[in-house]
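If you want the building blocks of each chain, they are given just below.
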Amino acid sequence: MKNNDILRRLRYTFNFGDDKMIEIFSKGGLVASRAEISDWLKKEEDESHKPLNDRIFASFLNGFIVNFRGEKEGGIPEPEKQLNNNIIFRKLKIALNFKDDDLLAIYDLVGMRVSKHEISAIFRNPSQPQFRECKDQFLRNFLDGLQAKFRK
């Protein structure tokens, strides 16, 4: 999935206004203007659309964690230079303080049957044989479930 799509979905799911988006970015260590955020949220067809690179999106996700969980001792972590669906999924899980049962309930909301073993495999170290790559559809269903839970 594209970073811009995930950002757009999170904004909608949690009903974040522009001021809240700016605040979340700043909590992640990035100063983002209203115009930049607006350009990142636009659809690709719009000529003002700007792609959201991994480092900027990682800053948002770090701010998302701080927004929901509070600041951790030692300050804000350095944003990753490269993101993948596994990292994004992990950061969302941390921010929302979800346990495996919470994740299973989210997937149930969208009619997707998932086992604890499948979820555990996504959060494993990539060097482990049981590691599983988080595919776009798996992350998309999670975001749909979040929307069903929080956006009623």
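Before any of the text, the structure's been laid out above.
Rules used throughout
- Residues numbered from 1 in each chain as written.
- Predicted model: local features only at pLDDT ≥ 70, side-chain atom pairs only at ≥ 80, totals over all residues.
- Heavy atoms only, no water.
- Core = buried A, V, L, I, M, F, W, Y, C linked by side-chain atoms within 4.5 Å.
- Buried < 20%, exposed > 50% of the residue type's maximum accessible area, 1.4 Å probe, protein only.
- Helix = DSSP H or I, 4+ residues; strand = E, 2+ residues; numbered from the N terminus.
- Contact = heavy atoms within 4.5 Å.
- Salt bridge = Lys/Arg side-chain N within 4 Å of Asp/Glu carboxyl O.
- Axes fitted to C-alpha atoms, helices over the stretch in contact; angles between N-to-C directions.
- Parallel < 35°, antiparallel > 145°, perpendicular 65-115°, else oblique.
- Left-handed = near helix turned anticlockwise from the far one by under 90°.
- Nonpolar A, V, L, I, M, F, W, Y, C, P; charged D, E, K, R; others polar.
- Phe/Tyr/Trp six-rings, centres within 6.5 Å; stacked < 30°, edge-to-face > 60°.
- Lys NZ or Arg CZ within 6 Å of the ring centre and 35° of its normal.

K.L.:
Would you mind going over the nonpolar core with me for this structure?
P.N.:
A general feature of soluble globular proteins is that nonpolar side chains tend to end up buried together. By size, the foremost hydrophobic cluster in this structure holds 42 residues, and its most contacted members are Phe60, Phe89 and Phe142. With 7 residues, helix α4 (residues 54-69) is the single largest residue contributor to this core. The contacts of Phe89, once residues within four sequence positions are left out, are Leu103, Tyr107, Ile122, Phe123, Cys134, Phe138, Leu139 and Phe142.

K.L.:
Is there a simple way to explain the pattern of salt bridges in this structure?
P.N.:
Two side chains with opposite charge may pair up if their charged atoms get near one another. Evaluated as defined, the whole model comprises 16 salt bridges. A salt bridge links Asp39 to Lys42, with the shortest nitrogen-to-oxygen separation between them at 3.4 Å. According to the relative accessible area criterion, Asp39 is buried, its value standing at 16%. A salt bridge links Asp108 to Arg113; the nearest nitrogen and oxygen atoms lie 2.4 Å apart. Residue Asp108 is classed as partly exposed on the basis of its relative accessible area of 41%. Salt bridges sharing common partners tie together Arg11, Asp18, Asp19 and Arg34.

K.L.:
Honestly, the packing of α4 against helix α5 (residues 85-96) in this entry has me stumped. Any pointers?
P.N.:
To characterise two packed helices, one gives the angle between the axes of the helices and the distance between these axes. Following both chains from N to C, one finds α4 and α5 inclined at 20°, their axes separated by 7 Å at the closest point. On the basis of the axis angle, α4 is roughly parallel to α5. Regarding α4 and α5, the two cross each other, and that crossing is left-handed. In this structure, α4 contributes Phe57, Leu61, Asn62, Phe64, Ile65, Phe68 and Arg69 to the contact, and α5 contributes Ile88, Lys91, Leu92, Ile94, Ala95 and Leu96. Each residue belonging to the contact of α4 with α5 can be placed in one class, and the counts come to 10 nonpolar, 1 polar and 2 charged.

K.L.:
Is there a simple way to explain the packing of aromatic side chains in this structure?
P.N.:
Here a ring pair, both rings aromatic, is described through the centre-centre distance and the interplanar angle of the planes. Overall, the coordinates contain 16 aromatic pairs when judged by the stated rule. On the numbers, 5.1 Å between centres and 50° between planes, the contact of Phe25 with Phe60 is tilted. Of this pair, Phe25 sits in helix α2 (residues 18-27) while Phe60 sits in helix α4, placing them 35 residues apart in sequence. Looking at Phe60, the relative accessible area reads 0%, which means it is buried. Cluster of aromatic residues (ring-pair linked, three or more members): Phe14, Phe16, Phe25, Trp40, Phe57, Phe60, Phe64, Phe68 and Phe150. Note that Arg151 overlies the ring of Tyr12, its terminal NZ or CZ placed 4.1 Å from the centroid.

K.L.:
What is the right way to look at the side chain of Asn62 in this model?
P.N.:
Mapped onto the elements, Asn62 comes out in helix α4. The class for Asn62 is buried, based on a relative accessible area of 2%. Beyond its immediate chain neighbours, meaning those up to four positions away, Asn62 contacts Gly28, Ile76, Pro77, Glu78, Pro79 and Lys91.

K.L.:
Please explain helix α3 (residues 34-41) as it appears in this structure.
P.N.:
One full turn of an α-helix is made of 3.6 residues, so residues set three or four places apart face in the same direction. Those residues of α3 that sit buried are Ile37, Asp39, Trp40 and Leu41. Among the structural elements, α1 (3-14), α2 and α4 are those in contact with the buried residues of α3.

K.L.:
Looking at this structure, how should I read unusual backbone geometry?
P.N.:
With glycine set apart, most residues show a phi of negative sign, and most peptide bonds adopt trans. The backbone of Asn15 shows a phi angle near 55°, a positive value even though the residue is not glycine. Here Asn15 lies in the loop between α1 and α2. Despite not being glycine, Asn97 has its phi angle at roughly 55°, a positive value. Residue position: Asn97 is located in the loop between α5 and α6 (100-109). Judged by relative accessible area, Asn97 falls into the partly exposed class, the value being 40%.

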